[in-house]
Amino acid sequence: CTPPPRCTVWATVKAVVSTQSTGVLLLKSLGVSDLLSFHFMDPPPQDNILTSMYQLWVLGAFDNVGNLSTLGRQMVEFPMDPAMSKLVLVACEMGCSEEVLVIVSMLSVPAIFYRPKGREEESDAAREKFQVPESDHLSLLHVYQQWKNKGYSSTWCNTYFIHYKAMKKVREVHSQLLEIMEKQRLDVVSCGNKWDIIRKCICSAYFHQAARLKGIGEYVNARTGMPCHLHPTSALYGMGYSSDYVVYHELIMTSKEFMQCVTSVEAEWLAELGPMFYSIKESVHSIEEGKAKAAERRKQMEQELAEAEEALEAERERQSAPSSSRRAIATPGHNKTPARTPRRLGF
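From a predicted model like this one, the values you see are computed outputs, not experimental measurements.

Engineer: I tried to follow the packing of helix α5 (residues 97-106) against helix α7 (residues 136-149) on my own but got confused; where do I start?
Structural biologist: For any two helices packed against each other, one specifies the inter-axial angle together with the distance between the axes. Two numbers describe how α5 lies on α7: the axes approach to 9 Å, and their chain directions differ by 100°. Relative to α7, the element α5 lies roughly perpendicular. Contacts from E99, V102, I103 and M106 of α5 reach α7 at H137, L140, L141, V143, Y144 and Q145. Class assignment for the residues of the contact of α5 with α7 results in seven nonpolar, two polar and one charged.

Next comes the structure, spelled out in structure tokens:
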């Protein structure tokens with residue numbers, strides 16, 4: 001029996017984790033308070049449930065005691081990965097939802113470019129015409145905008161080695177997302193040429209998947225220190241300079257750990273949008289203030305947890321307490337009021 005390649009195993013693990021996060025979010029929206037004691041037909045490991053809950057807390061879908069937040073209730077309405085749902089909702093606040101909907105739709109298909117045998121160099125040259133140096137996400141946006149300007153032409157796709165069927169699928173997903181936005185009464189607003197707003201919006205949803213520069217084309221995960229590399233097809237690969245910090249959509253493990261769909265971000269954005277992971281080194285006075293604020297936040301979280309535990313215990317006592325009211329069993333023919341004496345017949 002030949003073992004599956006590492007990339008297949010990693011893709012399977014990522015799909016399982018993503019599906020479980022979506023399922024946990026859905027169960028919370030249905031009113032399931034205690035997920036660990038929920039009666040699953042095929043229960044997953046509790047560690048996986050806790051990991052999914054932690055990821056949803058990081059994204060802001062859960063509050064400090066594990067209840068569904070306002071943002072989480074909005075994220076449930078989008079049938080996709082929680083991080084991408086948050087990306088769309090944050091884009092509505094930042095005023096770039098039109099562009100982000102296109103990016104999310106482009107990420108719904110595996111690949112849009114193809115490299116026919118014998119024409120690899122020609123295909124790579126066509127791909128480079130659409131690349132935006134700061135971001136692979138913006139490169140996907142650029143491809144869709146050019147295709148739209150050409151009237152969604154199949155001939156144009158064949159000229160630039162783009163899968164026409166994949167682009168048709170992207171257009172279908174985009175129309176479905178527009179219907180959801182209209183149903184949820186969310187505005188579809190364009191940011192024009194201010195694409196830095198889009199990069200910050202992407203950072204708000206994927207700050208937990210950030211990497212910092214270590215060498216030429218080599219990065220390490222900002223949280224775990226695991227090595228990450230730019231893929232040769234990335235817009236950031238070989239552009240002359242490397243961004244100090246990037247966020248990536250997913251990690252593909254083949255011969256190396258390659259980051260797929262990378263966007264360069266600023267260090268200040270990571271500290272602003274992911275304060276639970278990142279901070280900027282400042283003066284001694286600022287460090288002391290930061291420690292005091294962290295202690296205050298920790299104390300507030302402990303207080304919220306204690307209140308939630310008291311409320312949960314009170315609810316359990318209320319449910320386990322026997323009912324004081326007696327319920328009478330209705331039996332046919334046994335009414336409290338006596339039956340009326342029938343009228344006598346005769347004289």
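Engineer: Could you clarify how one ought to interpret the nonpolar core in this entry?
Structural biologist: The biggest cluster of nonpolar side chains holds 68 residues, and the ones touching the most others in it are F78, V100, M106, I112, I162, M167 and I198. If one sorts the elements of this core by residue count, helix α4 (residues 82-94) sits on top with seven residues. Discounting chain neighbours no more than four positions away, the residues touching I198 are C96, E99, V100, I103, L138, L141 and C191. Core analysis: the next-biggest nonpolar cluster, separate from the first, contains 10 residues, Y219, C228, Y248 and V262 among them.

Engineer: Where do I start with the sheet that holds strand β3 (residues 227-230) in this structure?
Structural biologist: Sheet strands pair by backbone hydrogen bonding; their relative direction is either parallel or antiparallel. The strand order β1-β2-β3-β5-β4 describes a closed barrel built from five strands, whose pairing is mixed. For this sheet the average axis-to-axis angle between neighbouring strands, irrespective of direction, equals 55°. Of the pairings in the sheet, the one linking strand β2 (residues 218-221) to β3 comprises three bridges and is antiparallel in character. Within the sheet, the bridge partner assigned to E218 lies in β3 and is H229.

Engineer: Can you help me understand the pairing of strand β5 (residues 257-265) in this one?
Structural biologist: Successive residues of a regular strand alternate their side chains across the two faces of the sheet. Within β5, eight of the nine residues are buried, leaving the element largely enclosed by the surrounding structure. When strand β4 (residues 245-253) meets β5, the two strands line up antiparallel, connected through eight bridges. Within β5, the position partnered with V246 by the bridge is S264.

Engineer: How do you make sense of the environment of V170 when you look at a structure like this?
Structural biologist: For V170, the position within the fold is in helix α9 (residues 164-183). Assessed through its relative accessible area of 0%, V170 is described here as buried. For the pair V170 and M106, spaced 64 residues apart in sequence, the C-alpha separation works out to 5.6 Å. What V170 contacts, discounting residues up to four positions off in sequence, is S105, M106, V109 and Y144.

Engineer: I tried to follow the packing of aromatic side chains on my own but got confused; where do I start?
Structural biologist: Going through the model one piece at a time under the given rule, you end up with 12 aromatic pairs. Where Y114 meets F161, the ring centres are 5.9 Å apart and the plane angle is 70°; that geometry is what we call edge-to-face. Of this pair, Y114 sits in the loop between α5 and α6 (120-128) while F161 sits in the loop between α8 (154-159) and α9; the two residues are 47 residues apart in sequence, bridging distant segments of the chain. Taken together through their ring pairs, the aromatic side chains of F113, F130, W156 and Y160 make up a single cluster. Lying across the ring of Y152, R171 places its NZ or CZ 3.6 Å from the centre.

Engineer: Would you mind going over the pattern of salt bridges with me for this structure?
Structural biologist: One side chain can pair with another of opposite charge once the charged atoms of both are near each other. Scanning the model with the defined rule gives four salt bridges in all. Its salt-bridge partner being R199, residue D196 comes within 3.1 Å of it at the nearest N-O pair. With D196 and R199 both in helix α10 (residues 196-206), this residue pair falls three residues apart, about one helical turn. Looking at R199, the relative accessible area reads 7%, which means it is buried.

About the cut-offs
Residues numbered from 1 in each chain as written. Predicted model: local features only at pLDDT ≥ 70, side-chain atom pairs only at ≥ 80, totals over all residues. Heavy atoms only, no water. Axes fitted to C-alpha atoms, helices over the stretch in contact; angles between N-to-C directions. Helix = DSSP H or I, 4+ residues; strand = E, 2+ residues; numbered from the N terminus. Parallel < 35°, antiparallel > 145°, perpendicular 65-115°, else oblique. Contact = heavy atoms within 4.5 Å. Nonpolar A, V, L, I, M, F, W, Y, C, P; charged D, E, K, R; others polar. Core = buried A, V, L, I, M, F, W, Y, C linked by side-chain atoms within 4.5 Å. Buried < 20%, exposed > 50% of the residue type's maximum accessible area, 1.4 Å probe, protein only. Pairing = 2+ DSSP bridges. Phe/Tyr/Trp six-rings, centres within 6.5 Å; stacked < 30°, edge-to-face > 60°. Lys NZ or Arg CZ within 6 Å of the ring centre and 35° of its normal. Salt bridge = Lys/Arg side-chain N within 4 Å of Asp/Glu carboxyl O.

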